[in-house]
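Fold and geometry: a report
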Amino acid sequence: MLKPINKRVVVTGLGLVTPLGIGVKPTWESLCAGKSGIGEITRFDCSAYATKIAAEIKDFKPEDFIPKKDARRVELFIAYALAATRMAIEDSGLVIDSANETRVGTITGCGLGGLRFMEDTVLRVSEEGPKWVSPFFIPMMIGNMVPGLISVHFGAKGPNSSLATACAAGAHAVGNSFRLIQNGTADAMITGGAEAVISPSCIAGFNSMKALSTRNDEPEKASRPFDRDRDGFVVGEGSGILIIEALDHALDRNAPIYAEITGYGMTGDGYHMTSPPPDGNGAVRCMAAALEDAGIDGNQIDYINAHGTSTQLNDLYESRAIKTVFKEHAHSLAVSSTKSMTGHLLGGAGGIETVFTALTIHKDIIPPTINYENQDEECDLDYVPNVARNKKVENAMTNSFGFGGTNATLILAKYRE
């Protein structure tokens, strides 16, 4: 028999590793200042590629967060997640020990896992033979090593899982963690997403799909969600991790509370391999499901952290979906895409964007959509253009939509006793 779903769930710790900075404070400050983390690709020679820009993370040292021996044995996306997890646990003050280790779990999302290391290994095997394959090849490549190593490093022995639902993976991870706490399966969860795939095959693959921006001469202006002249997304990397807890558990230990998670929706488009339906039907049903789950009316939403990838179809269809769900209120609420500054972290996007949404509620500051210069006639909502906005935010929504038509929507609220 299923346990009753009745526990309130709150966000008590945040950790970020992003193209805007290492840590929550520098990332948030850059986000609110409208700074871009996008520049020329330095990871490989991209002279033959149509796209020569990405949102790379600079000056990250894994050994600052994990033992040097372990740092050599994990791929970059795993290191990002372990670093963000350490920050989030320290921020929340959560102590994991023998008394509670089986009640603290971890679910994370990523899209492509250790793609960079796989590329390097395949090339070396083809040139030098199989004897050069590292014994850590498989563990460094698979996505579930993120929650696996979070469990190893921090002692969380509760529910443990990894999701690979493309660009919705991080948000699905948070939503599924939310459900486990709601129904009493866990007291606290370490959750979010991570990705690090700025690599030759990733850029070449998305270029073949005509999905990436080729505004190489103006990297900082390349990601321009909802702008008339948008020409594709920009690949980003990093990790966003949250500590979420049952409210009673958080109050018992006097934990800080950033926001409350109140609703979660997930749907499938059933339409196309990569394109959302023109009417945004899957997104419509997903947002509506999250509102119903939260028990609120659409008019109570003050802000949406949009999926907003800066591609022609996604931004148009998401705007249509928002107008369908929120009707007249769609033009009164604020909508912004932080991908204009971080790029698109693919499976890690939902993690950092849920962190951003919690901070928006906590600080009553809405990050802008930068590079919004020319209005698209059909994208006619309030996208908080170019400058952050001070506004009281009681309820906020964050959307993540992935290839294959997989959708996730989370609703967060200002915590009230």
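Here, every reference points to the structure presented above.
This section reports on the structure supplied with the text. (Residues numbered from 1 in each chain as written. Predicted model: local features only at pLDDT ≥ 70, side-chain atom pairs only at ≥ 80, totals over all residues. Heavy atoms only, no water.)

Some words on the environment of tyrosine 264
Selection rule: By definition, any uninterrupted DSSP run of H or I lasting at least four residues is a helix, any uninterrupted run of E lasting at least two residues is a strand, and each is numbered from the N terminus. Any pair of residues with heavy atoms lying within 4.5 Å of one another is described as a contacting pair. The term polar contact refers here to a pair of N or O atoms within 3.5 Å; inside protein, the definition further demands a hydrogen-donor-capable atom paired with an acceptor-capable atom, and it admits residues adjacent in sequence only when both atoms are side-chain atoms.
For tyrosine 264, the location among the structural elements is in strand 9 (residues 259–268). Residues tyrosine 264 and lysine 61, spaced 203 residues apart in sequence, show a C-alpha to C-alpha distance of 35 Å. If near-sequence neighbours (up to four positions away) are discounted, tyrosine 264 is found in contact with Ala171, His172, Gly175, Asn176, Phe178, Arg179, Ala289, Ala290, Asp293, Thr409 and Leu410. Among the polar contacts listed, one links the side chain of tyrosine 264 to the side chain of asparagine 176, at a separation of 3.0 Å.

Observations concerning the pairing of strand 1 (residues 9–18)
Worth spelling out the cut-off: Each residue is assigned to one of three classes by its accessible area relative to the maximum for its type, calculated with a 1.4 Å probe on protein chains only: buried under 20%, partly exposed between the two thresholds, exposed over 50%. Only strands joined by at least two bridges in the DSSP assignment are considered to pair.
Counting buried positions along strand 1 gives 10 out of 10 residues, so the element sits mostly inside the fold. Where strand 1 and strand 9 come together, three bridges link them in antiparallel fashion. What sits directly across from valine 9, in strand 9, is isoleucine 261. Two strands pair when backbone bridges link them, and strand 1 and strand 8 (residues 238–246) are joined in this way by eight bridges, in the antiparallel orientation. From the neighbouring strand, glycine 13 faces strand 8, where its bridge partner is isoleucine 243. As defined by bridge partners, strand 1 adjoins strand 2 (residues 21–22) across two bridges and the pair is classed as antiparallel. Residue pairing for strand 2: threonine 18 is matched across the bridge by glycine 21. Counting the residues in the hairpin turn of strand 1 and strand 2 gives two residues.

Focus: the pattern of salt bridges
How we decide: Salt bridge, as used here: a side-chain nitrogen of Lys or Arg that lies within 4 Å of a carboxyl oxygen of Asp or Glu.
Summed over all chains, the structure comprises 24 salt bridges. The salt bridge involving arginine 230 is made with aspartate 315; its shortest N-O contact spans 3.6 Å. Placement of the pair is arginine 230 in the loop between helix 8 (200–208) and strand 8 and aspartate 315 in helix 11 (residues 312–326), with a sequence separation of 85 residues. Judged by its relative accessible area of 2%, arginine 230 falls in the buried class. Of the residues examined, aspartate 315 reaches a relative accessible area of 0% and is grouped as buried. One salt-bridge network, in which partners are shared between bridges, spans Arg224, Asp227 and Glu373.

Observations concerning a positive patch on the surface
What counts here: A patch consists of residues exposed above 30% relative accessible area that lack any salt bridge, with like charges linked at up to 9 Å and nonpolar side chains (Val, Leu, Ile, Met, Phe, Trp, Tyr) linked at up to 5 Å. Here the Shrake-Rupley method, with its probe set to 1.4 Å, supplies the accessible areas, and only the displayed protein chains count as covering residues. Note that His is not counted, nor are the chain ends; the positive residues are Lys and Arg, and the negative ones are Asp and Glu. Positions of charges follow a simple convention, taking NZ of Lys, CZ of Arg, CG of Asp or CD of Glu.
Side chains of Lys68, Lys69, Arg72 and Arg73 sit close together on the surface and give a patch of like positive charge. Take lysine 68: it is sitting in helix 2 (residues 68–71).

What to know about the packing of helix 3 (residues 76–92) against helix 6 (residues 145–154)
How two helices pack is summed up by the angle between their axes together with the distance between the axes. Rule in force here: Whenever a helix is involved, its axis is fitted only over the stretch in contact; in every case the axis is a line through C-alpha atoms, and angles between N-to-C directions fall within 0 to 180 degrees. Orientation is classified from the angle alone, with under 35 degrees giving roughly parallel, over 145 giving roughly antiparallel, 65 to 115 giving roughly perpendicular, and any other angle giving oblique. Note on convention: near helix rotated counterclockwise from far helix by under a right angle means a left-handed crossing. Clockwise means right-handed. Only Asp, Glu, Lys and Arg are considered charged, only Ala, Val, Leu, Ile, Met, Phe, Trp, Tyr, Cys and Pro nonpolar, and every remaining residue, Gly among them, polar.
Between helix 3 and helix 6, whose axes approach to 10 Å, the crossing angle comes to 45°. It follows that helix 3 is oblique to helix 6 by the angle criterion. For the crossing formed where helix 3 meets helix 6, the hand is right-handed. Taken together, the residues of helix 6 that come into contact with helix 3 (itself represented by Phe77, Ile78, Ala81, Leu82, Thr85, Arg86 and Ile89) are Met145, Val146, Leu149, Ile150, His153 and Phe154. Split by residue class, the contact of helix 3 with helix 6 holds 10 nonpolar, two polar and one charged.

Points about the pairing of strand 14 (residues 395–402)
Within strand 14, eight of the eight residues are buried, which leaves it mostly tucked inside the rest of the structure. Because side chains alternate across strand 14, one face comprises the buried residues Asn395, Met397, Asn399 and Phe401, and the other comprises Ala396, Thr398, Ser400 and Gly402, equally buried. Where strand 10 (residues 303–305) meets strand 14, three bridges bridge the pair, whose relative direction is parallel. Within the sheet, the bridge partner assigned to tyrosine 303 lies in strand 14 and is alanine 396.

Details of the environment of threonine 185
Positionally, threonine 185 belongs in the loop between helix 7 (169–182) and strand 7 (188–195). Taking the C-alpha atoms as reference, threonine 185 lies 48 Å from tyrosine 49; in sequence the two are 136 residues apart. Excluding its chain neighbours within four sequence positions, the residues that come into contact with threonine 185 are Arg103, Pro159 and Leu180.

So, helix 13 (residues 349–363)
Heads up, the condition is: A helix's residues, less one, multiplied by 1.5 Å, set its expected span.
Taking 1.5 Å of rise per residue, the 15 residues of helix 13 would be expected to cover 21 Å, and the 21 Å separating its terminal C-alpha atoms lies within 8% of that figure. Helix 13 sits mainly inside the fold: 13 of its 15 residues count as buried. The first or second residue beyond helix 13 is aspartate 364, which carries a positive phi of 55°.

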